[in-house]
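# Structural description and commentary
So you can see what is in the structure, the chains are spelled out below.
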Amino acid sequence: MPTKSANTNAVLMGYARLARPANLPTAAADILAGAAISGFFTNATQSSIGWLPLLLLVLASVLLYAGGVVLNDVFDLKIDQVERPERPIPSGLIPQKKAAIFGVLLLLGGILSAFFVNILCGMIASVLGVSIVLYDAFSKRDGFMGPLNMGICRGLNLALGMSIAGVVGMWWLAVIPLVYIFAITLISRGEVHGNNKSHLVWAAVLYTIVILAIVGVVLNQSTYILQTLPFLALFTFLVFRPLLKAYKSNTPKHIKNAVIAGVLSLVVLDAALAAGFFSWWYGLLLLLLLPLSLLLSKIFAVT
C-alpha cells in the first residue's frame, strides 16, 4: 500500500500540476518587459523606486497566472472528466472545492502583492483578476469572446509591469500581447479534436501582425531596432515552424505542439520588446526564462 508520505507527495505534485509551472516564467517575462518599456531601468527611475517593487510585481503576475489556470481546471471539471480524466481534479487527487480555494488564494495573493507596489498596480491587478475569472467561468466557451478575453488578460499583465512607476504612458502597447494570445487561443480550439485549419490561417495572420507591430513600435519609439531583429527572427522561427506542421498534419498532437510553442514563445516576444526599449543584454537575460519553461514543460503540462 502507498505510504502516507507518498500520498502527500502525490497531492503536492497535483497542486503543482494545477498551477502549470512551465507557463509561469512567461508571466514573469511580461512584467520584466513592461518595466523596460516604462523606463524603469534608467538610473534615475530605478534609484528612486528600488528593486523590491519589481520583485513584487513578478510575484503578483506569477500568482495571478497560477490562480487563473487553477480556476480554469475547477470550472472545466465536467469536460475534463471526459477529455482529460488524468488531470488532478477529475482523477480525484485534488477535490474540486480545495482546488477552488487554492485558486482564489493565489489570485488574492497576486492582487495584494501588486497593491504593495502602488495603487495603480493594485487596480490593474484587480481588473486582471476579474478578467481571469470571467474567462475561466464564462467567455472561454465563446469562439470570439474567449480569445479576446484571454488576450485582454495578457495585455493587462504587460500593463502591470509598465505601471511600476505609478503611470502607464504607452498603455496601447498592451494590444500586442492581446493580438498574440488571441491567435494562440484560436489555435487551441482544435487541440482535442483537430480539424482547425481555418483557425491556423488566422493565427498566422495575427502572428505576422504582431511581428510587424513590434518592428513599427521600436522604430518609432527607440533606436534599438537592430538589436531587436535577432529576437524577432527567433520568435518567428519558434512560432511558425509548429504552426506550419499543424496545418500540414491537422491532428490534435500537432495542434497541441503549436499551442505549446506559442505559449512558451511569449518569453521571446517579451525579450524582443525588452531589447527594443532598453538593451540587447537585458533581452538575453529574459531569454534565459525560455530554457526554464522548456525544462518545466518536460515535467508539467503546458495546456
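Thresholds, definitions, all that
Residues numbered from 1 in each chain as written. Predicted model: local features only at pLDDT ≥ 70, side-chain atom pairs only at ≥ 80, totals over all residues. Heavy atoms only, no water. Helix = DSSP H or I, 4+ residues; strand = E, 2+ residues; numbered from the N terminus. Rg over C-alpha atoms; globule rule 2.2 N^0.38 Å. Contact = heavy atoms within 4.5 Å. Areas by Shrake-Rupley, 256 points an atom, 1.4 Å probe, with all protein chains shown as cover. Lys, Arg positive; Asp, Glu negative; His and termini not counted. Charge placed at Lys NZ, Arg CZ, Asp CG, Glu CD. Expected span 1.5 Å × (residues − 1). Buried < 20%, exposed > 50% of the residue type's maximum accessible area, 1.4 Å probe, protein only. Phe/Tyr/Trp six-rings, centres within 6.5 Å; stacked < 30°, edge-to-face > 60°. Lys NZ or Arg CZ within 6 Å of the ring centre and 35° of its normal. Core = buried A, V, L, I, M, F, W, Y, C linked by side-chain atoms within 4.5 Å. Salt bridge = Lys/Arg side-chain N within 4 Å of Asp/Glu carboxyl O. Arc of directions from axis to C-beta. Patch = residues over 30% accessible without salt bridge, like charges linked within 9 Å, V, L, I, M, F, W, Y side chains within 5 Å. Axes fitted to C-alpha atoms, helices over the stretch in contact; angles between N-to-C directions. Parallel < 35°, antiparallel > 145°, perpendicular 65-115°, else oblique. Left-handed = near helix turned anticlockwise from the far one by under 90°. Nonpolar A, V, L, I, M, F, W, Y, C, P; charged D, E, K, R; others polar.

Once that is clear, we can look at the overall build of the protein. From N to C terminus, the protein includes 15 helices and 0 strands. Expected size for 303 residues packed as a compact globule is a radius of gyration near 19 Å; at 19 Å, the protein falls within 12% of this value. For the protein, the spread of C-alpha atoms along the principal axes amounts to about 60 × 45 × 35 Å. Taking as baseline every contact in the protein between residues at least 6 positions apart, the subset at least 24 positions apart corresponds to 76%. Carbon and sulfur atoms form 71% of the exposed surface of the protein, whose accessible area is close to 13,800 Å². Considering the protein, the positive charge centre built from 19 side chains and the negative charge centre built from 10 side chains are found 6 Å apart.

All right, on to helix α11 (residues 225-248) then. Relative to the 34 Å expected for 24 residues at 1.5 Å per residue, α11 spans 33 Å between its end C-alpha atoms, a close match to the ideal helical length. Burial in α11 covers these residues: Ile225, Gln227, Thr228, Phe231, Leu232, Phe235, Val239, Phe240, Pro242, Leu243 and Ala246. Tucked inside the fold, the buried residues of α11 contact α9 (175-188), α10 (197-221), α12 (252-264), α13 (266-277) and α14 (280-287).

Turning our eyes to something else, we now look at the packing of aromatic side chains. All chains considered together, the criterion is met by 13 aromatic pairs. For the ring pair phenylalanine 41 and tyrosine 282, a centre distance of 4.5 Å and an interplane angle of 50° mean the geometry is tilted. Linking phenylalanine 41 in the loop between α2 (24-38) and α3 (43-49) with tyrosine 282 in helix α14, this pair joins segments that are 241 residues apart in sequence. Across the pair, exposure class does not vary: phenylalanine 41 and tyrosine 282 are buried alike. Ring centres of tyrosine 207 and phenylalanine 240 lie 5.7 Å apart, and the angle between their planes is 80°; on these two criteria the pair is classed as edge-to-face. Residue tyrosine 207 is located in helix α10, and its partner phenylalanine 240 is located in helix α11; the two are separated by 33 residues in the primary sequence. With respect to burial, tyrosine 207 and phenylalanine 240 carry one shared label: buried. An aromatic cluster of three or more residues is present, and its members are Phe40, Phe41, Trp51, Phe278, Trp281 and Tyr282. Across the ring face of tyrosine 247, the terminal group of lysine 197 is positioned such that the distance to the ring centre comes to 4.6 Å.

With that settled, the discussion passes to the nonpolar core. Judged by nonpolar contacts, the single largest core of 99 residues is most densely connected at Leu160, Tyr180, Ile187 and Tyr207. Ranked by residue count, the leading element in this core is helix α4 (residues 52-75), at 12 residues. Among all residues touching leucine 160, those that are not within four sequence positions of it are Ile31, Leu57, Leu64, Ala114, Cys121, Ile124 and Ala125.

Once that is clear, we can look at unusual backbone geometry. For residues besides glycine, phi is generally negative; the peptide bonds are generally trans as well. Although it is not a glycine, arginine 20 adopts a positive phi angle of roughly 50°. Structurally, the position occupied by arginine 20 is in the loop between α1 (4-18) and α2.

Glancing now at the pattern of salt bridges. Side-chain pairs of opposite charge can arise whenever the charged atoms involved come near each other. Applying the stated rule across the entire model yields 6 salt bridges. When the shortest N-O distance is used, the salt bridge between aspartate 30 and arginine 154 registers 2.6 Å. A residue pair is termed long-range when its members are at least 10 positions apart, and aspartate 30 in helix α2 and arginine 154 in helix α8 (residues 145-162) qualify at 124 residues. Its relative accessible area of 7% is what places arginine 154 among the buried residues. A salt bridge links aspartate 80 to arginine 84; the nearest nitrogen and oxygen atoms lie 3.9 Å apart.

This part takes up helix α15 (residues 289-297). Within α15, burial applies to Leu289, Leu290, Ser293 and Leu296. Mapping the buried residues of α15 onto a view down its axis gives an arc of 130°, with all of them on the same face. Its buried side turned inward, α15 meets α2, α11, α12, α13 and α14.

Here we take up the environment of leucine 12. Residue position: leucine 12 is located in helix α1. Residue leucine 12 is classed as exposed on the basis of its relative accessible area, which comes to 53%. Residues leucine 12 and leucine 93, 81 residues apart in the sequence, show an inter-C-alpha distance of 9.7 Å.

Attention shifts here to a nonpolar patch on the surface. Taken together, the side chains of Val201, Trp202, Val205, Ile209 and Tyr247 make up a nonpolar region of the molecular surface, amounting to roughly 470 Å² of accessible area. Among the elements that line the nonpolar patch, the one with the most residues is α10, at 4 residues. Along the polypeptide, tryptophan 202 turns up in helix α10. Here tryptophan 202 falls in the exposed class, since its relative accessible area comes to 55%.

Running from N to C, α4 and helix α6 (residues 96-115) point in directions that differ by 155°, and their axes come no closer than 7 Å. One element, α4, and the other, α6, form an angle in the roughly antiparallel class. As α4 packs across α6, the resulting crossing turns out to be left-handed. For the contact of α4 with α6, the class distribution of residues is 18 nonpolar, 7 polar and no charged.

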